[in-house]
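Structural overview
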Amino acid sequence: MDLFLFSNPFMLFSIMEFLGDINFILKIFVLMTIIQFVLTHVGKGPVGMVVAGIMTWFIIFDQWKIFGGIYVIYMLLVFGVSHLIVDFIFVSGMAHGGGGGAEATAVEGGGGPSHPSHAPQKHGGAHQAAYGAMRMMRRPPTG
Amino acid sequence: MNQKGNLLLLILGVFLLIAILPAILMWLLPQSKLLFQIMMIFILYMTVRGYLGSGVLSIIVSAVLIYFLVFKYIEFTAGVFVIYTLLTLMAGSMIIWGLSVFARK
């Protein structure tokens with residue numbers, strides 16, 4: 001592969017080859033996951049071989065379009081992408097103040113309006129985040 | 001809302017830049033390409049051995065993965081590896097937080 005895939009316009013056709021190779025590599029990783037799962041739970045005996053064969057046929061050869069996507073999402077979650085999404089939601093709420101994000105959710109979820117002197121001022125994200133937390137703590141008891 | 005979109009684009013751009021950095025480094029310093037290849041061979045073999053244990057099957061699967069990931073698509077693999085390392089070390093949260101502070105100014 002060249003430095004960049006698109007550096008040479010005549011290499012555009014290789015995108016399909018690249019995707020096919022990535023698909024093949026993904027199948028190898030799924031196969032290893034299946035074998036490890038079976039070895040852990042069933043063992044190396046003939047029953048384990050049969051179970052591994054059935055799982056491999058069903059996951060990789062029969063329903064690959066479903067399980068391939070599931071495996072990609074699983075790996076992204078294992079890598080911690082969900083943390084990044086949560087971080088972005090919190091940070092975008094604090095960075096620009098008001099109009100959404102975690103802070104807005106906290107304020108809307110609070111127990112009604114409090115004193116006007118506690119209204120959020122445009123003093124920056126940290127102040128508004130503290131205001132949101134304060135509103136959450138002042139939630140009246142239910143029931 | 002528009003500012004949030006800009007922040008999201010900034011974050012995505014920075015992560016993309018981080019993913020491209022190894023390829024640029026390998027282009028500028030060919031020795032770093034060899035270093036990455038050696039590292040990836042060790043990492044791939046250890047990963048496969050962790051899945052399958054020691055044996056002939058591990059060597060075969062490792063060889064296939066090493067051919068594709070180390071020799072054919074080393075730039076792509078290096079970028080993914082750098083992003084994976086950053087995510088594993090929770091450095092992605094620091095990057096997002098730093099970018100938000102930068103965008104607030």
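Residues numbered from 1 in each chain as written. Chains lettered and ligands numbered in written order. Predicted model: local features only at pLDDT ≥ 70, side-chain atom pairs only at ≥ 80, totals over all residues.

Glancing now at the overall build of chain B. Assigned secondary structure in chain B consists of 5 helices and 0 strands. Ordered by position in the sequence, the α and β elements of chain B form the string α-α-α-α-α. Whereas a compact globule of 105 residues would reach a radius of gyration of roughly 13 Å, chain B reaches 17 Å, over 25% beyond that. For chain B, the spread of C-alpha atoms along the principal axes amounts to about 55 × 30 × 20 Å. (Helix = DSSP H or I, 4+ residues; strand = E, 2+ residues; numbered from the N terminus. Rg over C-alpha atoms; globule rule 2.2 N^0.38 Å.)

Moving on to the environment of B:Phe81. Positionally, B:Phe81 belongs in helix 4 (residues 74-88). Distance in space between the C-alpha atoms of B:Phe81 and B:Pro22 is 9.4 Å, their sequence separation being 59 residues.

Looking now at unusual backbone geometry. Residues and elements named next belong to chain B. Phi is positive for Met90, which is not a glycine, with a value near 60°. With respect to the helices and strands, the residue Met90 is situated in the loop between helix 4 and helix 5 (91-104). Note on Met90: 12 C-beta atoms within 10 Å, which makes it exposed. (Buried ≥ 20, exposed ≤ 12 C-beta atoms within 10 Å, placed from the backbone.)

This part takes up the confidence of the model for chain A. Predicted confidence across chain A gives a mean pLDDT of 73, with 56% of residues reaching 70 or more. When pLDDT is averaged over each helix and strand of chain A, the minimum, 45, is found for helix 5 (residues 101-108) of chain A and the maximum, 94, for helix 2 (residues 46-62) of chain A. (pLDDT = per-residue confidence, 0-100.)

On to the confidence of the model for chain B, then. Here chain B averages 88 in pLDDT, and 95% of its residues register 70 or above. For chain B, the element scoring lowest by mean pLDDT is helix 5 of chain B, at 81; helix 3 (residues 56-72) of chain B scores highest, at 94.

Before going further, it helps to examine the interface of chain A and chain B. Counting residues at the interface gives 21 residues for chain A, matched by 30 residues for chain B. Those elements that place two or more of their residues in the side of chain A that touches chain B are helix 1 (14-41) and helix 4 (81-96) of chain A. Looking at which element gives the most residues to the side of chain A that touches chain B, the answer is helix 4 of chain A, with 9 residues. (Contact = placed C-beta atoms within 7 Å.)

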